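# Overview (structure and organization)
One letter stands for each residue in the lines below.
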Amino acid sequence: MKRLFLFAIISILMLMPVMAGGASEEESDVTTVTWFASRPLGGEIDTTMREIAERYSQEHGGKWVLEIETTADRPSYLQRLRTLIAGNNMPDIIDIDADPYCQSLVDAGLLVDVKQFLIDEGRYDDYQETALRYQEFTDGSMYTLPLEYHIEMIWYRKDIFAQYGLDVPQTMEEWLDVCKTLSENGITPIAVDGVDRWPVLRYMAMIPFRYSGNDYIIALRDGKASMGDPLGRQAIEFVQEIGQYFNEGFAATDYATAQSMFLNGQAAMYYIGDWEQNAMLEAYEAGLVDYFLLPTAPDGTTGANEYCANSGIGMAFNAETFDEKTKDFILYVIENYGEIYASKMQMSPLKVDLPEDVEFTDLYYRIAEDMDNFGPAFMKPWDTYLDSATNTIMQDNILLLASGDMSAEDFISLIDSSIAANANK
Amino acid sequence: MRDNEVYKKLAILKKVVFAIVIILFLLIQVYPVFWVFMASLKPTVELSASPFSLPSAPTFENFIKVIKEGKIWGYMINSVKVTGGSLILIMALSSMAGYALSKFVSRFNNALYSFFTFGIMIPVQITLIPLFIFYSRMDILNTSFSLILPQVGFALPLSIMMFVSFFTFVPNELIEAATIDGCTPYGIFVKIILPLAKNTFVTIASMYSILIWNDFIFANTFISKDSAKTVAMGLKDYVGAFGNVDWGLTFAAITISILPPMIVYFALNKHVTAGMSAGAVKG
Amino acid sequence: MKGIIKNKVAYLVFLLPALLFYLFAVFYPIIDSIRLSFVSWGGIGPQKYVGFDNYIRLFSDSVMWESFFNNLVYVVIVVSMQLLIGLLFAVLLTYMQKNVTIVKTLYYIPCIITTVAVGQMFRSMYATQPMGLFNIVLSALGLGDLVRSWLADVDTVLVAVSLPEGWRFTGMYMVIYYAALISIDTEVSEAAIIDGASKWKTLWKIKLPMIKPVILLTLTMCITGALRGFDIPYLLTNGGPGNASELMSTYMYKQAFSSLQFGYGSAIAVFIIVESIIAVIILRLVGRRGEK
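Residues numbered from 1 in each chain as written. Chains lettered and ligands numbered in written order. Predicted model: local features only at pLDDT ≥ 70, side-chain atom pairs only at ≥ 80, totals over all residues.

## Some words on the overall build of chain C
- What chain C contains, in helices and strands, is 13 helices and two strands.
- In chain C, buried positions account for 49% of the 292 residues.
- Restricting to contacts in chain C with at least 6 residues of sequence separation, those with at least 24 account for 69%. (Helix = DSSP H or I, 4+ residues; strand = E, 2+ residues; numbered from the N terminus. Buried ≥ 20, exposed ≤ 12 C-beta atoms within 10 Å, placed from the backbone. Contact = placed C-beta atoms within 7 Å.)

## Description of the interface of chain B and chain C
- Of the residues lining the interface, 81 residues belong to chain B; the matching set on chain C comes to 71 residues.
- It is helix α13 (residues 247-277) of chain B that provides the largest number of residues to the side of chain B that touches chain C, a total of 12 residues.
- Considered class by class, the residues forming the side of chain B that touches chain C number 58 nonpolar, 20 polar and three charged. (Nonpolar A, V, L, I, M, F, W, Y, C, P; charged D, E, K, R; others polar.)

## Some words on the pairing of strand β1 (residues 31-37) of chain A
Residue and element names in this part refer to chain A.
- The pairing of β1 with strand β2 (residues 64-70) spans seven bridges and is parallel. Residue pairing for β2: W35 is matched across the bridge by I68.
- As paired strands, β1 and strand β3 (residues 93-96) are joined by two bridges and run parallel to one another. Note on β3: the bridge partner recorded for F36 is I94. (Pairing = 2+ DSSP bridges.)

## Considering the sheet that holds β2(A)
Residues and elements named next belong to chain A.
- Strand order across the open sheet formed by four strands is β2-β1-β3-β9, with mixed pairing between neighbours. Only two strands of the sheet have a single neighbouring strand rather than two, namely β2 and β9 (314-317). Each strand of the sheet is rotated relative to its neighbour by a mean of 25°, with strand direction disregarded. (Axes fitted to C-alpha atoms, helices over the stretch in contact; angles between N-to-C directions.)

## A few points about unusual backbone geometry
- Here the phi dihedral of M345(A) falls at roughly 65°; this positive angle occurs in a residue that is not glycine.
- As for its position among the elements, M345(A) is in the loop between α14 (324-342) and α15 (362-372).
- A residue is classified by how many C-beta atoms lie within 10 Å of it, and M345(A), with 16 of them, is partly exposed.
- Positive phi values are uncommon outside glycine, yet N238(C) reaches one of about 50°.
- Within the secondary structure, N238(C) sits in the loop between α11 (231-236) and α12 (248-258).

## Concerning the nonpolar core
- Counting residues in hydrophobic clusters, the biggest one holds 290 residues, and the most contacted among them are W155(A), Y270(A), I90(B), V152(B), L156(B) and Y177(C).
- Residue contacts for W155(A): discarding those within four places in its chain leaves F262(A), M269(A), Y270(A), I272(A), M280(A), V289(A) and Y291(A). (Core = buried A, V, L, I, M, F, W, Y, C linked by C-beta atoms within 7 Å.)

## Quick notes on the packing of helix α4 (residues 71-103) of chain B against helix α7 (residues 144-167) of chain B
Residue and element names in this part refer to chain B.
- The contact between α4 and α7 brings their axes to 7 Å, and the two run at 35°. Considering the relative orientation of α4 and α7, their crossing is right-handed.
- The residue inventory of the contact of α4 with α7, partitioned by class, reads 16 nonpolar, 10 polar and two charged. (Left-handed = near helix turned anticlockwise from the far one by under 90°.)

## Digging into the interface of chain B and chain A
- Residue-level contacts link 37 residues of chain B with 33 residues of chain A.
- Elements with a contribution of two residues or more to the side of chain B that touches chain A: α2 (44-49), α4, α6 (128-138), α7, α9 (185-196) and α11 (217-222) of chain B.
- A per-element tally of the side of chain B that touches chain A places α6(B) first, with five residues.
- The residue inventory of the side of chain B that touches chain A, partitioned by class, reads 18 nonpolar, 14 polar and five charged.

## Examining the domain arrangement of chain A
Residues and elements named next belong to chain A.
- Under the domain assignment used here, chain A contains domain 1 (31-149 + 311-353) and domain 2 (150-309 + 380-422).
- Distance between the C-alpha centres of domain 1 and domain 2: 29 Å.
- Counting from both sides, the interface comprises 12 residues of domain 1 and, opposite them, eight residues of domain 2.
- Those elements that place two or more of their residues in the side of domain 1 that touches domain 2 are α4 (100-107) and α6 (129-134). (Domains from an automatic or database assignment.)

Right, dumping it as structure tokens:
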């Protein structure tokens, strides 16, 4: 009996490595490059990159393989990336925004200087300038490579606007007036996804951008400006004011719900970027919805062709493993990405002649035109500037500010003290 | 006579109220399954616009898409591996430890028991960083074992507690008698203790199979490869850019993924009842 | 716990495997967390020893205290729902003659459903745009004044995130109580009834005291479970709006993984551990006193 028992225990212990399965991979002459990505699975970027990697692999006789581990859900992704790096386990290629955390990776010498790389290889001008500049740190250095390029706009219901005789607002003031009229008529002016928080944060950045470009947020981040400065207060007031026009309970409304509210005509406006153009297409072609760009401030410093643009999360390369094999592959990507990606009806960060065998929609051409007209300045989201701790506090409390549950003074002191405690640390 | 009638009427009324309460609660408990299933039959836009109405035009498109993509089966197999492996270990280890702590003479018993039960209070989130670093050094990230270890570790305190509290009800005389008959401690465990503890096993298995099957936090931290993903993680496959979730697909995947635990639970449930009517548990 | 078998080798054979697993998966991370709670570390670079700084900050952090009190409210709601409703229905089931099995099985269903689904369902239920089930029922009952977006309102959000967690595991506790109640010797209660005791009295004076060990066990499970409650608040509101529904564990998670202050996050973790230990000790004292 005793023996039987020992046998049982031993067999359990022996089973463990079996369950652990696949832990040890055989050594071989195949080069494997790991890309720890945060792209929607089966999305256009994901499929384009897989296609390119597949082709590249074939050209190298299968001796080169790109392994993609993708987590689209951004909070989960960031948590895993940070644990990976904390565990000293950085993959060959990662996805990351040019935020203070990324800066600390750069400071630790972990990332490749992508700007230098592009310039050395003579590829810098292959890209849309704004797409690259979005990836830059404030000092102009750049460590991440964009795979997408977007502009953000305010979509509106033409039917609702017509019903109340409203025109597309040209200035921020007019925008608020439009909201007011709608609200007085019992229409929800703007559908907002508060669950993901970044959409609300965009409203905070609008006024400061109109009056100072990105200077205010940079000064704020560096501790040289206060949230309580006149411009900061103006930003807060704007959030408080426009917050009244958000759908009821926006703090608990998720992305899909906000978007459906707009598409179903339950809200008159909706702020989102061109990445949702396919969702908008049907209503757009039916003449039900249209978009306008961020209104201007008459005495402001930025123009109507300058507003929020982003080139998404960027790709960064592990300085330790960025050898000829990865380098060559990245050049191959730069060579081929634009065309394949654009043929999937996407806005490419690389300048590209649109393939002729693909039929693009009017909406696509219109957005492309707006992109071509883009001014030199662009509104960069605040979450890419602020340190992680301040970002968390700002995102938590901006919902309260917009719903009128927090006073401007409280907000100012929270942000200022967090920046004082966490900036330049 | 009249009193009797009143009494009868009261009894009927009582029964009706009783039935209503039971059924009302039943509705509250069962409704979510119904809701999840309905949700999976709607396109995402309809789902977010009118979440509580019946689908206007039920469509199995979500299911077809999820199944066609085919990844969910692989995730299921991983989940089965993790859940099965953990359950076997939890039940084996905790029944053995429970037996040791309650039926052996040792001055460490009380201290060890407190040491184990102490684990009930530990928030699982604290293990993420230390275990992650450890796993990456051992190169066992993305394996079933990396999930099984913490699952078992955190299930042990409660299951050991349950076994100990059950075993203390098993009369020592029973063991004494067996020892006199020449049974070894191992024989006693297999022949006497285990059969008696059937209910405790079933309770633990039904509780933990579901908790482990649905675990997200460990899987989310220790698994990144597609080939090692569990079902709960696979549900996040339908998250698009900037946080947009395709809820129609997600709910279809959820519907598929709750089938195995449902089947297991319905199957085990018979055992629970059988065990109970046999009236095995008593002090 | 008076044992009877004297066999040291067998003792070790039975005990060691569990002990090893436990030491490794639970104890080692605790020790590591305690160590981390004394450093300042952002996830990269060297860890800097800062002494008690993290703890000093902990006690002066107003958000931390807010989440502490939120957590107490959360525990009270979750525990009372799970135990009281669970017990109530377990008792009711014992009076049922037919269909017990099927009803019991169906009651258990919410535990089976993934948190992601539970979260999304409650999000829709609490909403006003589009009108959620919760608000529809309220208006139907003539309580239209109460209609609101429960998750966006700072006054109601804490209750709103507690309910799903309480609701979810009520069935599980019910099953446990039912098993305990059923296993009571029917002779005892029958004898009491013959002696003229009412059903009510039998329940209070005989049945419930007999399952007291089970009640204490579940109370421990339930309280410590609620003290470390995480997924529902995390999924539904991520502690918001503001910090109105922040719990200790969501705050810890945020500090460690969003704000990248692993040291401070670990200090909060240590606080949660200490807090749970105190709760359990109190519970045991109360339990023991009742026995005397």
